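# Architecture and fold: a report
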Amino acid sequence: MLKPLIAGNWKMNTTVHQGVDLVIKLRELLKGADPDEVEVVLAPPFTSIHHISHIIADSHIRLCGQNLHWEKGGAYTGEVSADMLISVGCRYVIIGHSERRELFKETDEMVNKKVLAALKAGLRPIICVGETLDERELGKTISKVQLQIKKALSGLAGGALKDIAIAYEPIWAIGTGRTATPQMAEEVHNALRELLFELYDTDSVKSTRVIYGGSVKPDNIDSLMAQPNIDGALVGGASLKAEDFARIVKFRHL
Ligand code: PEP
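As a starting point, this report considers the structure included with it. (Residues numbered from 1 in each chain as written. Predicted model: local features only at pLDDT ≥ 70, side-chain atom pairs only at ≥ 80, totals over all residues. Heavy atoms only, no water.)

### So, the layout of surface pockets
To be explicit about the condition: Lining residues are defined by having an atom within 4 Å of a point belonging to a cavity or pocket. Those points lie on a 1 Å grid over the protein atoms alone, cavities being sets where a 1.4 Å probe fits but cannot get out and pockets being open sets with protein on both sides within 12 Å along at least five of seven lines. Grid points are joined across faces, edges and corners, and a volume is the space filled by probe spheres set on the points. Strands here mean DSSP runs of E at least two residues long; helices mean DSSP runs of H or I at least four residues long; both are numbered from the N terminus. Throughout this entry, Asp, Glu, Lys and Arg are counted as charged residues, while Ala, Val, Leu, Ile, Met, Phe, Trp, Tyr, Cys and Pro are counted as nonpolar. The remaining residues, Gly among them, count as polar.
In this structure, the largest pocket occupies an estimated 470 Å³ of space. Along its surface, the largest pocket is lined by 17 residues, and Lys11, Met12, Gln66, Arg100 and Phe104 are the ones closest to its centre. Counting residues per element, the ones that place at least two in the lining of the largest pocket are α2 (46-55) and α4 (98-103). Residue composition of the lining of the largest pocket, by class: seven nonpolar, six polar and four charged. Considering only enclosed or pocket space, the second largest pocket measures out at about 310 Å³ in volume. Along the walls of the second largest pocket sit 16 residues, with Leu30, Ala33, Ser59, His60 and Ile61 positioned nearest its centre. Secondary-structure elements contributing two or more residues to the lining of the second largest pocket are β2 (39-43) and β3 (61-65). Split into classes, the residues belonging to the lining of the second largest pocket amount to seven nonpolar, two polar and seven charged.

### Comments concerning unusual backbone geometry
Positive phi outside glycine occurs at Lys11, with the angle close to 55 degrees. Along the chain, Lys11 turns up in the loop between β1 (5-9) and α1 (16-29).

### Some remarks on the environment of Gly96
Where we set the bar: Contact criterion: two residues are considered in contact whenever any of their non-hydrogen atoms come within 4.5 Å of each other.
When you line up the elements, Gly96 lands in the loop between β4 (90-95) and α4. Separated by 44 residues in sequence, Gly96 and Lys140 place their C-alpha atoms 19 Å apart. Excluding its chain neighbours within four sequence positions, the residues that come into contact with Gly96 are Arg101, Glu106, Val111 and Cys128.

### Comments concerning the pairing of β1
Which entries qualify depends on this criterion: To sort residues, take the accessible area from a 1.4 Å probe on protein chains only and compare it with the maximum for the residue type: under 20% means buried, over 50% means exposed, and anything in between is partly exposed. A pair of strands is labelled paired if DSSP reports no fewer than 2 bridges between them. By definition, the crossover connecting two strands over a helix is right-handed if that path, from the first strand to the second, turns clockwise as seen with the strands pointing away from the viewer.
Of all five residues in β1, five are buried; the element is thus mostly enclosed. On β1, burial covers both faces: Leu5, Ala7 and Asn9 on one face and Ile6 and Gly8 on the other are all buried. The sheet contact formed by β1 and β2 spans five bridges and is parallel. Looking at β2, one finds that Ile6 is bridged to Val40. Since β1 and β2 lie parallel, the crossover through α1 that links them has a hand, and here it is right-handed. By the bridge criterion, four bridges tie β1 to strand β8 (residues 232-235) in an arrangement that is parallel. The residue bridging Leu5 from the neighbouring strand is Gly232, located in β8.

### Some remarks on the pairing of β3
In terms of burial, β3 is a largely internal element, four of the five residues being buried. Pairing of β2 with β3 involves three bridges; the strand directions are parallel. When the sheet's bridge partners are listed, Val41 is paired in β3 with Arg62. With α2 bridging β2 and the parallel β3, this β-α-β connection has right-handed handedness. Of the strand pairs in this sheet, β3 and β4 are connected by three bridges, and their pairing is parallel. Bridged to Leu63 within β4 is Cys90.

### As for the site of the ligand
What counts is decided by this rule: In these notes, residues near a molecule or strand are those with any non-hydrogen atom within 4 Å of it. Any N or O atom pair separated by 3.5 Å or less is treated as a polar contact, with the protein-specific requirement of one donor-capable and one acceptor-capable atom, and with residues adjacent in sequence counted only for side-chain atom pairs.
The full set close to the ligand counts 14 residues, and Lys11, Glu169, Gly175, Ser215 and Gly236 are the nearest of them. One of the backbone N or O atoms of Ser215 is found 2.7 Å from an oxygen atom in the ligand. The separation between an oxygen atom of the ligand and a polar main-chain atom of Gly237 is 2.8 Å. A per-class count over the shell around the ligand returns four nonpolar, eight polar and two charged.

### Comments concerning the pattern of salt bridges
Stated formally: Should a side-chain nitrogen of Lys or Arg be within 4 Å of a carboxyl oxygen of Asp or Glu, the pair is scored as a salt bridge.
Applying the stated criterion to the full structure yields 14 salt bridges. A salt bridge links Arg209 to Glu39; the shortest N-O distance between them is 2.9 Å. With Arg209 in strand β7 (residues 209-213) and Glu39 in strand β2, the pair connects residues that are 170 residues apart, well separated along the chain. Each member of the pair Arg209 and Glu39 is classed as buried. In this structure, Arg136 engages Glu131 in a salt bridge whose closest nitrogen and oxygen atoms are separated by 2.8 Å. Here the salt bridges do not stand alone but share partners, grouping Glu39, Arg124, Lys162, Asp163 and Arg209 into one network.

### Here's the deal with the sheet that holds β3
Inclusion rule: In this description, a line fitted to the C-alpha atoms serves as the axis of each element, helices being fitted only across the stretch in contact, and the angle between N-to-C directions of two axes falls anywhere from 0 to 180 degrees.
As summarised here, the arrangement of the eight strands in space is β1-β2-β3-β4-β5-β6-β7-β8, forming a closed barrel in which the pairing is parallel. Recorded for the sheet is a direction-independent mean angle of 25 degrees between the axes of neighbouring strands. Two elements, strand β5 (residues 124-129) and strand β6 (residues 165-168), share four bridges in a ladder whose sense is parallel. For Cys128, the partnering residue across the bridge sits in β6 and is Ala167.

Taken by themselves, the reported measurements are silent on function.
Here's what the structure looks like:
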C-alpha cells in the first residue's frame, strides 16, 4: 500500500507573513497526525519557502516548488533552478500545472525537460495532467492524459517512478468548485496506471502515486480517498485555510 500524498498548492497567494502564519496554524493542527499514515507537502510561493522551512524543520511537513526551469543556471530572468529549490529545503516540485500550460504556454516537451532536470537534481516531481471540459465532452479525456504522461516521462527509466507522483487535475474542476466524482477520477487514475503498466515493470508502477486535484475540500476528500487508485490529493484553494487543509490531511478511511 502506497503512503498517501496530500500536497497544498498555494499558487500566487500569501506574503511571507501570511504564509508563516498559515504554516504555524497548520503545524499545530497536524501535531497528532501520524507521518507513517500520510505524507504532507506544501508548495508556497518561492518568496516564502526559506522562512517556512525554519518553521517546519521539526515537523513532518515537506516543501515543494510550484515550478522550476530545466537549466542549472544562467540568463533566464525570473526563473528558478532545481538546485535553488533544494537549497531552500524543497524535496518536491510541481511540474506542468494546467495554469502553467495554459497561461504560460508550457508544452509537453518543456514538462519533460523539467521532469528530467528535477530528478537529476534529486527533487521529486508532481506531474500534472488533465483535460478541458470540451475534451471531456468529446470523450478525449483518457487519450489526452495518457499522451501527456507518455511525453512527460519520455526518456525516463522505470527506477525513477518511485520518486514521481502524477496529479490528475481536470481543468474544469480547478478552482471552480466542481469536482470530478470519485468514480470519474478513479476511471482516469486507472487508465493512467494501465498506461504505466504498458511502459514500465510492475514493481516500478506499483511505487508511483497517482493523486487527484480539482476542488478537493473537507467534504469530498473521504470519498475520493476511498477509491483504490487515488493515492492522495493536490489541493489549491482549500490549502489556504489551515483547518480545511488539516481536515483533508486527516481524511477518514471509508
Ligand atoms: C490546483 O491548483 O492544483 C487545484 C487543484 O486547485 P483547487 O483545489 O483550488 O481546485
